[in-house]
Amino acid sequence: MEEHYKKEGKYSYFEAGEGTPIVILHGLMGGLSNFDGVARYFSTKGYKIIIPDLPIYTQNILKTNVKAFAKYVKDFITFKGLDNVILLGNSLGGHIALYHTKMYPEKVAGLVITGSSGLYESAMGDSYPKRGDYEYIKKKAEDVFYDPKVATPELVDEVYASVNDRIKLIKTLTIAKSAIRHNMAKDLPKMKVQTCIIWGKNDKVTPPEVAEEFHNLLPNSTLYWIDKCGHAAMMEHPDEFNRILEEWFTTVFKPVS
């Protein structure tokens, strides 16, 4: 991904491909590499893939919340001169995508969420009391996936370092409170955006009933399941994730003319 990584002004982002813009929003512990499979595949299929680095740990504490991140994404989309984007978000990224769509519906042609927070209060922030305990953090990281082997030692080390960094910990807990405060249940029925929901059947972080609730509340949504899959479907089953998303693009999604 290195050769496609750019820095312009205050923004750092990955960009590849040409065509319909898909802006991808990573989660709290996630990075741009979580979407390697999606980026590689769709950047060759007539889509421009853009993954901004969200300022989760670098933004002022007063702007460390879902609403401020949604505004950051809107400013980034404006900076890039994009219109009618498809937003794709995992976990906190899904929540930011949803909130952005609520605030700036004119910018968004379609929405793709996977393992999204926004409805389920335990999705973040309950995992940090034993932050000095490596084995506990390892178990928490493994719980994100159906197959614990996906939580590589490098990934566990990264999470462990984050939760043992005092500033990052404070910001993580601030974001967790913000996610609870910005519950989307009342907003979703008014959001008419075309939405693709892709969910792991074995997601322990945002369980399957959360996906069903999103589907029931979002009036223009389609729900797809991936079996033997946890909270980060695009990492655990990238080929199946891409197949489902492409199917939605070709059979359900109606581009804005």
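Keep in mind that what you see is a predicted model, and the values were worked out from it rather than measured. Numbering of residues starts from 1 in each chain and follows the order in which that chain's sequence is written. In keeping with the model being predicted, local features are shown solely for residues with a pLDDT of at least 70 and side-chain atom pairs are shown and tallied solely at 80 or more, while totals for entire chains, interfaces and linings include all residues. Excluded from the side-chain calculation are hydrogens and water; included are all heavy atoms of the structure.

(A) View of the pattern of salt bridges. When a carboxyl oxygen of Asp or Glu is within 4 Å of a side-chain nitrogen of Lys or Arg, the pair counts as a salt bridge. For the structure shown, the criterion picks out 12 salt bridges. Taking the shortest distance from any N to any O, the salt bridge between Glu15 and Lys6 comes out at 2.6 Å. Ionic pairing is found between Glu240 and Arg243, a salt bridge with its closest N-O pair at 3.0 Å. Of this pair, Glu240 and Arg243 are both found in helix H9 (residues 238-251), 3 residues apart, which corresponds to roughly one turn of the helix. Put simply, DSSP marks the helices as runs of H or I at least four residues long and the strands as runs of E at least two long, and each gets a number from the N terminus on.

(B) Molecular detail of helix H2 (residues 66-79). Here the expected length of a helix is defined as 1.5 Å per residue gap, with one fewer gap than residues. The end-to-end C-alpha distance of H2 is 20 Å, a good match for the 20 Å that 14 residues give at a rise of 1.5 Å each. The cut-offs for exposure are 20% and 50% of the maximum accessible area for each residue type, with area from a 1.4 Å probe on protein chains only; residues under the lower value are buried, those over the upper are exposed, and the others partly exposed. Within the span of H2, buried status applies to Val66, Ala68, Phe69, Ala70, Tyr72, Val73, Phe76 and Ile77. As for H2, its buried residues are in contact with strand S2 (11-16), strand S3 (20-25), strand S4 (47-52), strand S5 (85-90), helix H3 (92-103) and helix H6 (166-181). Backbone nitrogen of Lys67 and a side-chain oxygen of the N-cap are separated by 3.2 Å at the start of H2; the cap is Asn65. After H2 finishes, the residue Gly81 shows a positive phi value of roughly 70°. Should any heavy atoms of two residues lie within 4.5 Å, those residues are considered in contact. As used in this structure description, the phrase polar contact means that two N or O atoms lie within 3.5 Å; if the pair is within protein, one of them must be able to donate a hydrogen and the other to accept it, and residues adjacent in sequence are counted only when both atoms belong to side chains.

(C) Fine view of helix H5 (residues 153-163). Listed in full, the buried residues belonging to H5 are Val156, Val159, Ser162 and Val163. Taken around the axis of H5, the buried residues stretch over an arc of 125°, which confines them to a single face. Facing away from the buried side of H5 by over 90 degrees, the exposed positions are Pro153, Glu154 and Glu158. Among the structural elements, helix H4 (134-143) and H6 are those in contact with the buried residues of H5. Regarding the arc, it is the one traced by the directions from the helix axis to the C-beta atoms.

(D) Structural context of the sheet that holds strand S7 (residues 194-200). A pair of strands is treated as paired once DSSP finds two or more bridges between them. One open sheet accounts for 8 strands, arranged S1-S2-S4-S3-S5-S6-S7-S8; its pairing is mixed. Either end of the sheet is taken by a strand with one partner, and the two such strands are strand S1 (5-8) and strand S8 (221-226). For this sheet, the mean angle separating the axes of adjacent strands, direction not counted, is 20°. Pairing analysis gives 6 bridges linking S5 to strand S6 (residues 108-114), with the strands arranged parallel. Within S6, the residue paired with Asn90 across the bridge is Thr114. The angle between two axes is taken between their N-to-C directions and runs from 0 to 180 degrees, where each axis is a line fitted to C-alpha atoms and a helix contributes only its stretch in contact. Contacts from H2 reach S1, S2, S3, S4 and S5, with the element oriented near 60° to S2. Helix-sheet contacts for H9 involve S3, S4, S5, S6, S7 and S8, and the interaxial angle to S8 is about 160°.

(E) Geometry of the packing of aromatic side chains. Only centres within 6.5 Å qualify two rings of Phe, Tyr or Trp (six-membered ring in Trp) as a pair; their planes then separate them into stacked at under 30 degrees, edge-to-face at over 60, and tilted for everything else. If you walk through the whole model with that rule in mind, you get 13 aromatic pairs. Aromatic pair Phe42 and Phe249: ring centres 5.8 Å apart, planes at 85°, arrangement edge-to-face. With a gap of 207 residues between them, Phe42 in helix H1 (residues 36-42) and Phe249 in helix H9 connect regions that are remote in the sequence. Among the residues examined, Phe42 registers a relative accessible area of 0% and is labelled buried. On the accessibility criterion, Phe249 (8% relative accessible area) is buried.

(F) Inspection of the side chain of Asn90 at higher detail. Assignment of secondary structure puts Asn90 in strand S5. Looking at Asn90, the relative accessible area reads 6%, which means it is buried. Here the side chain of Asn90 touches Thr114 through a polar contact of 2.9 Å, landing on its backbone oxygen. Discounting residues that sit within four places of it in the chain, Asn90 has contacts with Leu25, His26, Gly27, Phe35, Thr114, Gly115, His231, Ala232 and Met234.

(G) Molecular detail of the packing of H2 against H3. Where H2 contacts H3, the two axes come as close as 8 Å, and the packing angle between them is 70°. Comparing the axis directions of H2 and H3 gives the class roughly perpendicular. On H3, the residues touching Val66, Lys67, Phe69, Ala70, Val73, Lys74 and Ile77 of H2 are Leu92, His95, Ile96, Tyr99, His100 and Met103. We call two directions roughly parallel when the angle between them is under 35 degrees, roughly antiparallel when it is over 145, roughly perpendicular when it lies between 65 and 115, and oblique otherwise.

(H) How the structure looks around the environment of Leu82. Examined against the element boundaries, Leu82 turns out to sit in the loop between H2 and S5. Classification of Leu82 as buried rests on a relative accessible area of 11%. Here the alpha-carbon distance between Leu82 and Val23, two residues 59 residues apart in the chain, equals 9.8 Å. Among residues more than four places away in sequence, those in contact with Leu82 are Pro21, Val23, Ile50, Ile77 and Lys107.

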